[in-house]
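Summary of the model geometry
Residue strings, one per chain:
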Amino acid sequence: MKLKSELIRNLLLLLVGVIGIVVGYSILKPEEKLPIFSPADLNPELVDVEQRGITRKHRIADFSLTNQLGNEVTAANFEGKIYVADFFFTTCPTICPKMTKQMQRAAEEFANDTEIMFLSHSVTPQIDSVPILANYAERYQVNPEQWLLVTGDKKHIYELARKSYFAVTTKGDGGEDDFIHTENFVLVDKDKRIRGYYDGTSPEDVNRMIDEIRILKEEYAQ
């Protein structure tokens, strides 16, 4: 009987010890948190001269574009969402197919997660009409509830790329001869803040993006 009591006591002590280790680790473990990017944190070549001194409170500007279904898309579509933005064009023979494949892979990773969305802006909106975007979306099996391919006013799109997402290093005014081409994927949080940049042609970097989307989800969950 005494032996049995000793055994129970030792087991209880062991259990208390294990619980203490788990609780202690959870308290002491550093919380993973992504940076919040402001213009002052970025490569100056990416940032408009007037914005380079801004150290906080940068948000993606409001926008009005048209998606592959012909529906208007605004910032309201992304309320309460984490999303990834990029810039592409449907006739691109070089980096865009690679980027679209990687975006497709990321979208599939979060296919059942209504908290995550994707937003691809055409940089040749004069060519990429709604029917052309619809065909492109069909080719890559794009779910229009999750991943929006958008066209619209060229100046508006180019200003978003340069002054909201800081996705390109080239200067320009969005005029007829202006053209941007970038492999950057930009991670945006629910508060319209930039939380990460990734090379959309690199599977390894997109793996990092997928991991960091999960970190961001956890940040909001807490």
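Structure: above.
As a starting point, this report considers the structure included with it. Computed from a prediction, not measured in an experiment: that's the story for all the values here.

**Some points on helix α3 (residues 130–139)**
A turn of α-helix holds 3.6 residues, and therefore any two residues three or four places apart point the same way. For α3, the full list of buried residues reads Leu-133, Tyr-136 and Ala-137. All buried residues of α3 fall inside an arc of 100 degrees around its axis, so they share one side. Seen from the buried face of α3, the exposed residues on the opposite side, beyond 90 degrees, are Pro-131, Asn-135, Glu-138 and Arg-139. On its buried face, α3 sits against β1 (64–67), β3 (82–88), α2 (95–109) and β5 (147–151). Within two residues after α3, Gln-141 carries a phi angle of roughly 55 degrees, on the positive side.

**Notes on helix α5 (residues 203–221)**
For α5, with 19 residues, the first-to-last C-alpha span of 27 Å sits near the 27 Å given by 1.5 Å per residue. Restricting attention to buried positions, one finds in α5 the residues Asp-205, Val-206, Met-209, Ile-210, Glu-212, Ile-213, Ile-215, Leu-216 and Glu-219.

**A word on the pattern of salt bridges**
Any two side chains of opposite charge can pair, on the condition that their charged atoms come close. Enumeration over the complete set of coordinates arrives at 13 salt bridges. Across the pair Asp-189 and Arg-193 runs a salt bridge whose closest N-O atoms are separated by 2.8 Å. Taking the relative accessible area as the measure of exposure, Asp-189 reaches 1% and is therefore buried. With relative accessibility at 16%, the residue Arg-193 sits in the buried group. One salt-bridge network, in which partners are shared between bridges, spans Asp-189, Asp-191, Arg-193, Arg-195 and Glu-219.

Calculation notes
Per chain, residues are indexed from 1 in the order of the written sequence. Local features in this predicted model are restricted to residues of pLDDT 70 or higher, and side-chain atom pairs are both shown and tallied only at a pLDDT of 80 or more, whereas totals for entire chains, interfaces and linings draw on every residue. Note that water and hydrogens are dropped before the side-chain values are worked out from all heavy atoms of the structure. Classification of residues uses two cut-offs on accessible area relative to the type maximum, computed with a 1.4 Å probe and protein chains only: under 20% is buried, over 50% is exposed, and between them is partly exposed. Numbering of helices and strands starts at the N terminus; helices are DSSP runs of H or I of at least 4 residues and strands are runs of E of at least 2. Here, the arc refers to the directions that run from the helix axis to the C-beta atoms. It only takes one pair of heavy atoms within 4.5 Å for two residues to be counted as in contact. Here the expected length of a helix is defined as 1.5 Å per residue gap, with one fewer gap than residues. Definition used for salt bridges: Asp or Glu carboxyl oxygen within 4 Å of a side-chain nitrogen of Lys or Arg.

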